[in-house]
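Structure assessment
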Amino acid sequence: MLGWIYWASDWIIRGVMTPIVVRRRQPSTALAWLAVIYIFPWIGLVLYLMVGTRRLGRRRALRRDLALRHVFDNRRSEVVKERVFRPDIDPKQHDIVRLAQQLADFPILGGNEAEAISATDKMIQCLIADINKAKSHVHLLYYIYENDETGARVAQALIEAAKRGVKCRVIVDHVGSRGMLSRMAPEMRAAGVEVVPLLVVNPLRILFARIDLRNHRKLAIIDGEVAYAGSQNIVNPNYGHKRGGKWLDLTLRLRGPVVHQLQLVFLEDWFSETNACLDTPDLFPPVPTKGEVPIQIVPSGPTFDVTNIQDLFVAAIHEAERHIVMTTPYLVPSESLITALRVAALRGVKVDIIMPKKSDQRLTDAAARAFFHDLIETGINIHLHSGGLLHAKTITIDDAFALVGSANFDTRSFQLNFELTLLLFGQQVTDLIRWCQHGYMERATAVDRERWINRPKYLQVLDDLAKLLGPLL
């Protein structure tokens, strides 16, 4: 009798879940979920309830909506009216500028200064130096703020700033910064530093929201005048798994009008978690406009109606005429992204993809390898970096513009995580980012086409099996 009940329940799950899974979902992702549910109905049901949708939770979604209206609509127009001006960029880039504004509603701003920092220690030293000089406020937003030596150094700088009367506000992802929240945050709060966890994980939320939707952004703003954005967290370079080696990141230190736009991103996340709308003149002080770098920001996440960061990457690839260089720790591309890369190579664009030989995610590495054959066959060069876990997320297009941010080239970044990407226009800044990319390439080995195609069959099969889970990674 129990056997019949179990058999019937399996088919009930399959029948009920099929129309739920296929509705408003990309076919490849839907097929991956249906495969899991049809083979393991109960396991598939539990997994889908936990991580199968983009539900943010009704209360948090309402807060995000309010943040957009209270923070963005009330302040954005004022910031833009006062400081926006149309920088002189190549007319060929007008299309992607319009697209980026349509996707994220931020205009391009000129007059910015951008410094690329590729060494973890240097970035932390610069950040601490700016915190030590802060007079008004320090805002930090990070996915990982670790309870380690680096985290302690930054915490001490924040504590000393708070004692000087500087408003220090820190928001960190609840999953990525668990150790810091339990061990370091109490001392910071006692000294006057406000520390707020983002997207708190509660087992009871499984019924109402997806618990693995994370805030993956990395952002720091000091006095509304200086900002840091890129791929680096507040963590020692040897963080986490050892198989990939020392983490290698790229962070931009920014000055100019774009800092105020980044301030708005922080204020939205702060409001969505605290319900407190920060709106004081010191948050948006006059900023210099003597820089020469036009910049446009594109925040993304599950509250957007479309996968805007994926659309931006695809459009950027289509803009290329001569050379594309990409760096990413994880390469599990969507069908549209891999098609854009293949088409670019077939029309004569040189495409170089640099990624770690080993990352901290074995399954993701295997899924990435399954894409190598199709990419190599169209003339795309894949370089496996062995000088550390390459964690920088960058794209350079010809000598025209670059993209730098927190988003990986995978489904999680495209659809699930809150991310932040910056477009930087002009040959000078593009050459700066590409110089960093070439440094990574010098410590990498190109994948040989013949050797790769002739790998043992069992390795190809294992990678192809991992690829089936690609839409879920």
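First things first, this report covers the structure right here in the doc. Just so you know, these numbers come straight off a predicted model, no measurement behind them. (Residues numbered from 1 in each chain as written. Predicted model: local features only at pLDDT ≥ 70, side-chain atom pairs only at ≥ 80, totals over all residues. Heavy atoms only, no water.)

Thoughts on the packing of helix α6 (residues 120-132) against helix α7 (residues 149-163)
For the pair α6 and α7, the least separation of the axes is 9 Å and the interaxial angle reads 10°. Regarding the angle of α6 to α7, the classification is roughly parallel. Within the contact between the two elements, α6 uses I124, Q125, I128, I131 and N132 and α7 uses T150, R153, V154, A157, L158, E160 and A161. Counted by class, the contact of α6 with α7 contains seven nonpolar, three polar and two charged residues. (Axes fitted to C-alpha atoms, helices over the stretch in contact; angles between N-to-C directions. Helix = DSSP H or I, 4+ residues; strand = E, 2+ residues; numbered from the N terminus. Parallel < 35°, antiparallel > 145°, perpendicular 65-115°, else oblique. Contact = heavy atoms within 4.5 Å. Nonpolar A, V, L, I, M, F, W, Y, C, P; charged D, E, K, R; others polar.)

Some remarks on the environment of S136
With respect to the helices and strands, the residue S136 is situated in the loop between α6 and β2 (137-142). Between the C-alpha atoms of S136 and L283, which are 147 residues apart in sequence, the distance is 8.2 Å. Beyond its immediate sequence surroundings of up to four residues, S136 is in contact with V166, K167, D223 and D282. Side-chain polar atoms of S136 contact the side chain of H137, separated by 3.0 Å. (Polar contact = N/O pair within 3.5 Å; in protein donor to acceptor, adjacent residues only side chain to side chain.)

Comments concerning the pairing of strand β1 (residues 109-117)
Two strands pair when backbone bridges link them, and β1 and strand β9 (residues 293-300) are joined in this way by two bridges, in the antiparallel orientation. Within β9, the position partnered with N112 by the bridge is V293. Note: β1 against strand β8 (residues 251-255), five bridges, orientation antiparallel. When the bridges of β8 are listed, E115 appears paired with R253. (Pairing = 2+ DSSP bridges.)

Notes on empty space enclosed by the protein
Going through the model one piece at a time under the given rule, you end up with one cavity of 30 Å³ or more. Here the largest cavity is characterised by a volume of approximately 50 Å³. Grouping the amino acids of the lining of the largest cavity by side-chain chemistry returns six nonpolar, four polar and one charged. (1 Å grid on protein atoms, 1.4 Å probe; cavity = no way out; pocket = protein on both sides within 12 Å on 5 of 7 lines; lining within 4 Å. Points joined across faces, edges and corners; volume = space filled by probe spheres on them.)

Quick word on the nonpolar core
Residues L219, L312, F313, I324, V351, F372 and L422 are the most contacted members of the largest nonpolar core, which totals 93 residues. No other element matches helix α9 (residues 258-274), which puts eight residues into this core. Not counting the four nearest positions on each side in its chain, L422 is found in contact with A229, L252, L254, I295, Q296, I297, A402, L403 and V404. I131, C168, V170 and M184 belong to the second-largest nonpolar core, a separate cluster that totals 35 residues. (Core = buried A, V, L, I, M, F, W, Y, C linked by side-chain atoms within 4.5 Å. Buried < 20%, exposed > 50% of the residue type's maximum accessible area, 1.4 Å probe, protein only.)

With respect to helix α10 (residues 308-319)
Its 12 residues place the ends of α10 17 Å apart at the C-alpha level, agreeing with the 16 Å of an ideal helix rising 1.5 Å per residue. With nine of 12 residues buried, α10 is to be regarded as a mostly interior element. Of all the residues in α10, the buried ones are N308, I309, Q310, L312, F313, V314, A315, A316 and I317. (Expected span 1.5 Å × (residues − 1).)

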